[in-house]
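Chains, contacts and geometry: an overview
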Amino acid sequence: MMRRLHPEELIDEAKSLLGQSFGTSALRARAAAFLARQALEELLAEIWRKRAPGTENVSKRAQLICLPEYLRDEDLARRVVVAYWALSQACHHHAYELTPSISELRHWLADVTALAHKREVRGL
Amino acid sequence: MSLSESERARRLILLLEQALTFHKYTGDGDCPVCGNPSALDAGWSEDTADSLAVLRRETEASTAFHREVEKVDARVRSLLSVPPAILGEVSDLRIDTTAAQSAWKRWSALGEKPLEVFAIELENRALDLASAVEKIQKEAEERHQALEQDWQAVAEEIRAWLPAARRVLANASRLKLLSTAEKRLNEETQAIRNDRFAPIKDRTFRFWGLLRANSSVDISDLALTGTRTRRKVEIDVAVDGTKAAALGVMSQGELHALALSLFLPRATISDSPFGFLFIDDPVQAMDLARVDGLAQVLADVAQTHQVVVFTHDDRLPGAVRRLRINARVLAVERDRNSVVTVQPRLDPVRQHLADAIALAKTDNLSRDVAARVIPGLCRQAIEAACIEVVRRRRLAAGEAHEDVERLLVDNNNLNHLLALLLMDDPKRVQEAKAKLKKLVHPRAREIFDRCNRGAHDGWDGDFLDIVNDVEMVALRIQEM
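Below or above, wherever it landed, is the structure these notes cover. (Residues numbered from 1 in each chain as written. Chains lettered and ligands numbered in written order. Predicted model: local features only at pLDDT ≥ 70, side-chain atom pairs only at ≥ 80, totals over all residues. Heavy atoms only, no water.)

**Details of the overall build of chain B**
Assigned secondary structure in chain B consists of 17 helices and seven strands. Looking at chain B alone, contacts between residues at least 24 apart form 60% of all its contacts between residues at least 6 apart. Carbon and sulfur atoms provide 54% of the accessible area of chain B, an area that totals close to 29600 Å². (Helix = DSSP H or I, 4+ residues; strand = E, 2+ residues; numbered from the N terminus. Contact = heavy atoms within 4.5 Å. Areas by Shrake-Rupley, 256 points an atom, 1.4 Å probe, with all protein chains shown as cover.)

**Section: helix H8 (residues 252-267) of chain B**
Relative to the 22 Å expected for 16 residues at 1.5 Å per residue, H8 of chain B spans 22 Å between its end C-alpha atoms, a close match to the ideal helical length. Turning to H8 of chain B, its buried residues are Gly 253, Glu 254, Ala 257, Leu 258, Leu 260, Ser 261, Leu 264, Pro 265 and Ala 267 of chain B. (Expected span 1.5 Å × (residues − 1). Buried < 20%, exposed > 50% of the residue type's maximum accessible area, 1.4 Å probe, protein only.)

**Remarks on the sheet that holds strand S3 (residues 242-244) of chain B**
Residues and elements named next belong to chain B. The strand order across the open sheet built from three strands is S1-S2-S3, with neighbouring strands paired in antiparallel fashion. Strands at the two margins of the open sheet, each flanked by one partner only, are strand S1 (217-225) and S3. Each neighbouring strand pair of the sheet contributes to a mean axis angle of 25°, computed without reference to strand direction. Where strand S2 (residues 232-239) lies against S3, three bridges are found, and the strand directions are antiparallel. (Pairing = 2+ DSSP bridges. Axes fitted to C-alpha atoms, helices over the stretch in contact; angles between N-to-C directions.)

**Comments concerning the environment of Gln 38 of chain A**
With respect to the helices and strands, the residue Gln 38 of chain A is situated in helix H2 (residues 25-51). The sequence separation of Gln 38 of chain A and Leu 5 of chain A amounts to 33 residues, and the corresponding C-alpha distance is 9.6 Å.

**Considerations on the pattern of salt bridges**
This model, assessed by the stated rule, comprises 26 salt bridges over all chains. Here Arg 78 of chain A and Asp 75 of chain A are joined by a salt bridge, their closest N and O atoms 2.8 Å apart. In this pair, Arg 78 of chain A and Asp 75 of chain A are both assigned in helix H4 (residues 74-91), three residues apart and thus about one turn of the helix distant. The closest approach of N and O atoms between Asp 403 of chain B and Arg 406 of chain B, which form a salt bridge, is 3.6 Å. Of the two residues, Asp 403 of chain B and Arg 406 of chain B both sit in helix H13 (residues 401-410), three residues apart, roughly one turn of that helix. Looking at Asp 403 of chain B, the relative accessible area reads 37%, which means it is partly exposed. Taken together, the salt bridges that share partners define one network made up of Asp 75, Arg 78, Arg 79 and Asp 111 of chain A. (Salt bridge = Lys/Arg side-chain N within 4 Å of Asp/Glu carboxyl O.)

**Some details on the nonpolar core**
All names here are of chain B. Core analysis: the biggest nonpolar cluster contains 90 residues, and Leu 359, Ile 382 and Ile 477 have the highest contact counts within it. A total of 16 residues in this core trace back to one element, the largest contributor, which is helix H12 (residues 367-396). Counting residues in hydrophobic clusters, the runner-up holds 29 residues, among them Leu 258, Ala 267, Leu 277 and Ala 295. (Core = buried A, V, L, I, M, F, W, Y, C linked by side-chain atoms within 4.5 Å.)

**Remarks on a nonpolar patch on the surface**
A cluster of nonpolar side chains, contributed by Trp 151, Val 154, Ile 158 and Trp 161 of chain B, occupies part of the molecular surface with about 430 Å² of accessible area. Relative to the assigned elements, Ile 158 of chain B resides in helix H5 (residues 115-170). (Patch = residues over 30% accessible without salt bridge, like charges linked within 9 Å, V, L, I, M, F, W, Y side chains within 5 Å.)

**Focus: the packing of H2 of chain A against helix H3 (residues 60-71) of chain A**
Residues and elements named next belong to chain A. Two elements in contact, H2 and H3, have axes whose closest approach is 11 Å; the angle formed by their N-to-C orientations is 60°. Accordingly, the angle class assigned to the pair H2 and H3 is oblique. The crossing of H2 and H3 is left-handed. Together, Glu 41, Leu 44, Trp 48 and Arg 51 of H2 and Lys 60, Gln 63, Leu 64, Cys 66, Leu 67 and Tyr 70 of H3 make up the contact between the two elements. Taken together, the residues of the contact of H2 with H3 break down into six nonpolar, one polar and three charged. (Parallel < 35°, antiparallel > 145°, perpendicular 65-115°, else oblique. Left-handed = near helix turned anticlockwise from the far one by under 90°. Nonpolar A, V, L, I, M, F, W, Y, C, P; charged D, E, K, R; others polar.)

**Here we look at the environment of Trp 208 of chain B**
Residue and element names in this part refer to chain B. Among the secondary structure elements, Trp 208 is positioned in helix H6 (residues 172-211). Using a relative accessible area of 3% as the deciding quantity, one classes Trp 208 as buried. Those residues in contact with Trp 208 that lie beyond four places of it in its chain are Ser 215, Val 217, Asp 218, Ile 219, Met 250, Glu 254, Ala 257, Leu 258 and Ser 261.

**Points about the environment of Asn 124 of chain B**
Relative to the elements of secondary structure, Asn 124 of chain B occurs in helix H5. When the C-alpha positions of Asn 124 of chain B and Trp 107 of chain B are compared, they lie 9.2 Å apart, and in sequence the two are 17 residues distant.

**Some thoughts on the side chain of Ser 261 of chain B**
Residue and element names in this part refer to chain B. Tracing the backbone shows Ser 261 in helix H8. We classify Ser 261 as buried; its relative accessible area is 0%. A polar contact of 2.8 Å, which involves the side chain of Ser 261, links it to the backbone oxygen of Ala 257. Each residue touching Ser 261, except ones within four places of it in the same chain, is listed here: Thr 204, Phe 207, Trp 208 and Leu 211. (Polar contact = N/O pair within 3.5 Å; in protein donor to acceptor, adjacent residues only side chain to side chain.)

That's the geometry; what it means functionally is another story.
Encoded structure:
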C-alpha cells in the first residue's frame, strides 16, 4: 500500500516540484496540481472529522459551501473554494483548457498552505 | 427796299418803259394817264430815261439782296434740326440732358417764326443751345475718361489672359482628345481593379460562408470605391434579410470573422511576394462553430501559403485535430526567468500519456509523489480519448457545438463519459464497462477502473507498465 502523506508533506512535495527542472514547466505544474488538490482534500477531510464527522463523505460542492461556517475566515474560505475548483480543473481533462502556469500553481498552493496553518480549526 | 417796294419799283419800271415807247411812237403830247397837257416831251423823255436807269439799278440791287436773304434764310433754317434722339434716351451714363433738350427745342421752334423774329432770336437761341450742348459734352467727356480708366485695368488683364486663351483655343481639339483618353484610362483602371478584386471578392464570400457560422448577417456585395488616395471597400450587409450598416449590427466575433474574410484573400493575393502569413490570436470572441470555420479557412489559405497562428485558445488546435487538418501545433511555454521552450504539441491523449511516461521515468522524483500524480495523468488520457470521440461523432451527426459541449460538461465524471461514449447514455455505466472489455481488450475494464480509482487513491506497481496499459486502452478508444 502507498504510504499516507500528511497535507503538509503533500504541499512541500508540490512546492519542491515547481522548483525542479525535469520535464517541462507545464508537466511540473500539472503534477503539482495533483499533489495540491490531494493536500486540500486531506485538509478538508481532517477538518470535518474533527468538527463535523460525516461531512467528509458528502459531495465536495456541499463541503465547500459549509466550509466558511467552520473556518470563520471569509476571505480564506473564498480563496480555498477558488483554489479547489481551479485545481480540479487542472486534474481533469477539460475541453479547451490550457494547462495552468507555474505562477498560478504557486498562488493556489499559497491558499492551501494558509488553510493548513489554521491548526486550531483542524483540531491540532 | 422792302419786298412790296421792289415790286412797286418793278411795275413802275414796266410802266415808264411803256410810256417811253408810247412817246417814241406818238411823239410829244398830253399825258395819257393823268391828262396833264403837253406833259410828254423831249425833256420828259430824257428825265424819265435817267430816272428809269436809276430805278433799274436800285431794283436789281434790291432783287440781289432779297435773293441773298432767301439763300441765307434757307441755309439757317436748314440748321434748325429737331433735338437728336440720343438726347432723349435713358443711358447709364447719368448725364442730365433736360436743359440741352429744351434749348434744342426752342432752337428748332424758330423755324415757325417770321423772318423778323427769326433774325432777332437766332443768335440768342443758338448761343443758349451751344452752351447747353457744350455743358453735356464736357460731362460726357469726363465720363468717357473715367470709363476709359476703368477699362484700362481690365484691358491689361485681358491682354495678359489672351495669349493663354488663344493657346487653349488652338489646342481645343487636343484637350478633347486628352480628356477622352483620361476617361478611358480611368475606366480601364477600374476594370483592371475589378478584375483583380474579383478573386478576392469570391474568396471573401467563401471565407465568410465558412466563418459566419450561425450568424444572421449576410454579405450581399463588396465593392471598391473612391479614387486616388481616398479608397475604401464598401460592404453591403443584410441582417435577417434587412439591409443594415455592417459595423452597427455585428458582434465582436462576427467583426473578427468579417475582418479575416477580407484580410486573408487580400494578404494571399497571387502576386504578393509573401509566401507566409502570421496571424495573432484570430480566435478571439469566436464561438466553437466559428472556430471550426476558421480552421477550415486557414487550411484553405495553407494550400498556397505558410500560415503561422498564435493563440492562447486551445479550441483552434482542437478544431484542427478534429477536422483532421494537417497542421503542426507547437506549445510555447514560459518558465522561470522567461526561459521559453517550444515543443511540438501532441493531441491531448498523447500529451497526457507523454507526461505520465516522463514522470514515470524521472529518477529523482519521489515514489510517493509519482504515485499520486501518474494515475491522474492516465485518467486524463482516457478522459481526453472519450471526450474526443464523443465530440467527433456527435458533431459529425450534425449536433450543434453548444449542445455537445453542454453534454460533456454535464457528464464530466469518467464513468458517465464512458457510458455516454459506448452506450449513448451516461447512466448505463456497467454495460459500458462490459462493452469496453469486449471491444478493446480483456483487461481493459480492469485498467480503466484502476485509472479511475487511482487518481484519488494513489497507486502501487511499476508505473511504466501501468502507463503502457493505459496507453493501449486510451489509443483504442481514440480510434473508435
